[in-house]
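Structural characterization, general
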Amino acid sequence: MPKPRSEMYAPASPFSRPIPAGARLSGVYRQVGIETSVSGATPYDLVKLLLNGYFDALVEAKSAMASGDIALKGRALGRATRIVEEGLKASLDTSMGGEVAQNLHMLYGYISVRLTHANLKNDAAAIDECVQLMTPIREAWQGIASQASTAPIHKEVVA
């Protein structure tokens, strides 16, 4: 029996993954867009992507909660929690960041607890609270990132 055409050829990239059967192409395109954004991103852009992902996950979680889709709600809140814990909180340098980093560390810990509560209790108000707590962080970061992208880059010339 001959192999299906999709198995006959090696992927073009060692990082490529086959498109799963039944996958929605919009999700595949979104994943490719995210991977492309990350590959050329500055540290400021990476945090911006994390924050955007966090807010997108919370919108998806609230929508799933309203429609009664428990599995989707759990995945979306899990994604938001991982972004906070493994992305934002893990990237803090509390020794260099001083009081601001310490405060963000505590805020991210609190948000993780509230997201877990929202998932366990189907509490949309807890999701709203997490949105409200992170909105000023997102706005501040957007201001920092826009300043960083327009600041001149200084290079030392070594003779």
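Residues numbered from 1 in each chain as written. Predicted model: local features only at pLDDT ≥ 70, side-chain atom pairs only at ≥ 80, totals over all residues. Heavy atoms only, no water.

The next subject is the overall build of the chain. Scanning the chain from terminus to terminus reveals six helices and zero strands. Each helix (α) and strand (β) of the chain, taken in turn from the N terminus, gives the series α-α-α-α-α-α. Buried residues in the chain amount to 22% of all 159 residues. Pairs at least 24 residues apart make up 58% of the contacts formed inside the chain by residues separated by at least 6 positions. Carbon together with sulfur atoms contributes 60% to the accessible area of the chain, which is approximately 11,300 Å² in total. (Helix = DSSP H or I, 4+ residues; strand = E, 2+ residues; numbered from the N terminus. Buried < 20%, exposed > 50% of the residue type's maximum accessible area, 1.4 Å probe, protein only. Contact = heavy atoms within 4.5 Å. Areas by Shrake-Rupley, 256 points an atom, 1.4 Å probe, with all protein chains shown as cover.)

Okay, the packing of helix 3 (residues 43–67) against helix 4 (residues 70–89) next. Two numbers describe how helix 3 lies on helix 4: the axes approach to 8 Å, and their chain directions differ by 160°. By the criterion of interaxial angle, the relationship of helix 3 to helix 4 is roughly antiparallel. When the axes of helix 3 and helix 4 are compared, the crossing they make is left-handed. Where helix 3 abuts helix 4, its residues V47, L50, L51, G53, Y54, A57, L58, E60, A61, A64 and M65 lie against L72, K73, A76, L77, R79, A80, I83, V84, G87 and L88. The residue makeup of the contact of helix 3 with helix 4, split by class, is 16 nonpolar, two polar and three charged. (Axes fitted to C-alpha atoms, helices over the stretch in contact; angles between N-to-C directions. Parallel < 35°, antiparallel > 145°, perpendicular 65-115°, else oblique. Left-handed = near helix turned anticlockwise from the far one by under 90°. Nonpolar A, V, L, I, M, F, W, Y, C, P; charged D, E, K, R; others polar.)

The topology assignment puts S112 in helix 5 (residues 94–121). Once residues lying within four places of it in the same chain are set aside, the contact partners of S112 are T81, V84 and E85.

Before going further, it helps to spend a moment on helix 5. Between its first and last C-alpha, helix 5 extends only 32 Å over 28 residues, short of the 40 Å set by a 1.5 Å rise per residue. By the largest-angle criterion, V100 marks the main kink of helix 5, which is about 80°. Among all positions of helix 5, only A101, L104, L107, Y108, G109, I111, S112, R114, L115 and A118 are buried. Backbone geometry just after helix 5 places N122 at a positive phi near 50°. (Expected span 1.5 Å × (residues − 1). Bend = angle between axes of the 7 residues up to and from the residue.)

Our next topic: the nonpolar core. With 24 residues, the main nonpolar core has Y54, L58, I111, L115 and M134 as its most contacted residues. For this core, the secondary structure elements donating two or more residues are helix 3, helix 4, helix 5 and helix 6 (124–150). Not counting chain neighbours up to four residues away, the residues in contact with M134 comprise L51, Y54, F55, L88, L107, Y108 and I111. (Core = buried A, V, L, I, M, F, W, Y, C linked by side-chain atoms within 4.5 Å.)

For the rest of this paragraph, the subject is the packing of helix 4 against helix 5. It is the contact of helix 4 with helix 5, at a shortest axis distance of 10 Å, that shows an interaxial angle of 170°. In this view, helix 4 runs roughly antiparallel relative to helix 5, as classed from their interaxial angle. On helix 5, the residues that touch K73, G74, L77, A80, T81, V84, E85, L88 and K89 of helix 4 are H105, Y108, G109, I111, S112, L115, A118 and N119. A class-by-class count of the residues in the contact of helix 4 with helix 5 yields eight nonpolar, six polar and three charged.

On average, residues of the chain carry a pLDDT of 78, and 66% of them reach 70 or more. Contacts for the low-pLDDT stretch residues 3–19, under 50 throughout, to residues beyond four places or in other chains number six contacts. Taken as a whole, residues 25–36 scores under 50 in pLDDT and shows five contacts with residues more than four places along the chain or in a different chain. (pLDDT = per-residue confidence, 0-100.)

The next point concerns the packing of aromatic side chains. If you walk through the whole model with that rule in mind, you get one aromatic pair. When the centroid spacing of 5.1 Å and the interplanar angle of 85° are considered together, the rings of Y54 and F55 count as edge-to-face. (Phe/Tyr/Trp six-rings, centres within 6.5 Å; stacked < 30°, edge-to-face > 60°.)

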